[in-house]
Amino acid sequence: MSRLRALWQASFNATKRALVWSSDDLIPPSERYIFNFNSKDELKRWHLYSDSEYGGLSSASLEITDGSAGGATPLTGVFSGNISLDMSEESTWRIRRYGFCGMRSKKFDGFIDLDAYDTIAMKIKGDGRCYISTIYTENWVNSPGQQEDNSWQAFVYIPQDRWQILKIPLDSYLPTWRGNVIEAKLEMNPARIMGMSLSVNAEGGVPDAKTGPGDFRLEVDWIKALRTP
């Protein structure tokens, strides 16, 4: 085969492959894993934060441990620690909000596109406290000079010591700025998601949830995006 014909054939084959499609290309699967805590490699995708960065005394850890007995959930992520309302005597920070801890994903490689989905689902086991699920999207709500991602938050609460799959519609997430809800009609752009987090505060949340200082523990099996019927 001549070199010219070989180049033509290669170009033809590439074009043919580009035209081949399946239903999955047009209709994404009904669910998509975002995080799966079934390997210690998952720890590399997260970092922890707390009021200790500002002189507080709260602390947190994230581990991958053996899950439920019987092998139904062999490995899970455990976000745990202690919430304190005290401040270090050496602290020079003057902050109003303390008594919080969180686990935040490192930024995705660019962003992930969840425009085909309408719900965030997570398999979790709580401790009676109310947690906060945050989705970070590309900055367009804040002014261009601000480097922070936009944040959208929803409460996460399940009864104590029981595995449950919690489903949160994306339109239930409220736009927030440094923990305060933005009183404006804004819509999340699920096509430009930069990261996610789970956090816990000493106060606030849903009625009947455990509040105040003390230990906390949240087990996470996986977090998915769903497209509901």
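Source: prediction; values computed, not measured. (Residues numbered from 1 in each chain as written. Predicted model: local features only at pLDDT ≥ 70, side-chain atom pairs only at ≥ 80, totals over all residues. Heavy atoms only, no water.)

Undergrad: Would you take a moment to explain the pairing of strand β5 (residues 100-105) for this structure?
TA: With 5 of 6 residues buried, β5 is to be regarded as a mostly interior element. Alignment of strand β2 (residues 46-50) against β5, held across 5 bridges, turns out to be antiparallel. Paired with Trp46 across the two strands is Ser105, which belongs to β5. Across 5 bridges, β5 lies against strand β12 (residues 193-201) in antiparallel orientation. Directly across from Phe100, in β12, lies its bridge partner Asn201. (Buried < 20%, exposed > 50% of the residue type's maximum accessible area, 1.4 Å probe, protein only. Helix = DSSP H or I, 4+ residues; strand = E, 2+ residues; numbered from the N terminus. Pairing = 2+ DSSP bridges.)

Undergrad: Hey, could you run me through the environment of Ile83 in this one?
TA: Along the chain, Ile83 turns up in strand β4 (residues 75-83). Residue classification places Ile83 among the buried positions, given a relative accessible area of 1%. Sequence-wise, Ile83 and Ala202 are 119 residues apart; in three dimensions their C-alpha atoms are separated by 6.5 Å.

Undergrad: Whenever I open this one, empty space enclosed by the protein confuses me. Can you help?
TA: To find leftover empty space, a probe the size of one water molecule is rolled over the atoms. Enumeration over the complete set of coordinates arrives at 1 cavity of 30 Å³ or more. Looking at the largest cavity, the residues that line it are Trp46, Ile120, Met122, Ser133, Thr134, Tyr173, Met196, Ser197, Leu198 and Ile223. In terms of residue count, the dominant contributor to the lining of the largest cavity is β12 (3 residues). By residue class, the composition of the lining of the largest cavity is 7 nonpolar, 3 polar and no charged. (1 Å grid on protein atoms, 1.4 Å probe; cavity = no way out; pocket = protein on both sides within 12 Å on 5 of 7 lines; lining within 4 Å. Points joined across faces, edges and corners; volume = space filled by probe spheres on them. Nonpolar A, V, L, I, M, F, W, Y, C, P; charged D, E, K, R; others polar.)

Undergrad: Is there a simple way to think about the sheet that holds strand β10 (residues 174-177) in this case?
TA: In a beta sheet, neighbouring strands are held together by backbone hydrogen bonds and run either parallel or antiparallel to one another. Strand order in the open sheet formed by 7 strands is β2-β5-β12-β7-β8-β10-β11, with antiparallel pairing between adjacent strands. Edge strands, defined here as strands with exactly one partner in the open sheet, are β2 and β11 (180-181).

Undergrad: Just checking my understanding: could you explain the pairing of strand β7 (residues 131-137) for this structure?
TA: Across a regular strand the side chains alternate sides, sitting on one face of the sheet and then on the other. Here β7 lies mainly inside the structure; 7 of its 7 residues are buried. Across the two faces of β7 the burial is the same, with Tyr131, Ser133, Ile135 and Thr137 and Ile132, Thr134 and Tyr136 all buried. One ladder, built from 7 bridges, connects β7 with β12; its direction is antiparallel. Bridge pairing links Thr137 to Ile193 in β12.

Undergrad: Honestly, the nonpolar core in this entry has me stumped. Any pointers?
TA: Generally speaking, soluble globular proteins have nonpolar side chains that are buried together. Formed by 38 residues in total, the largest nonpolar core has its most connected members in Ile34, Phe79, Leu114, Ile120, Met122 and Tyr173. With 5 residues, the top contributor of residues to this core is strand β13 (residues 214-226). (Core = buried A, V, L, I, M, F, W, Y, C linked by side-chain atoms within 4.5 Å.)

Undergrad: What should I look at first to understand unusual backbone geometry in this one?
TA: Excluding glycine, a negative phi dihedral is what most residues carry, and trans is how most peptide bonds are arranged. Residues other than glycine seldom take positive phi values, yet Asp161 does so here, at roughly 60°. Along the chain, Asp161 turns up in the loop between β8 (150-156) and β9 (163-169). A positive phi angle, near 75°, is found at Asp208, a position not held by glycine. With respect to the helices and strands, the residue Asp208 is situated in the loop between β12 and β13.

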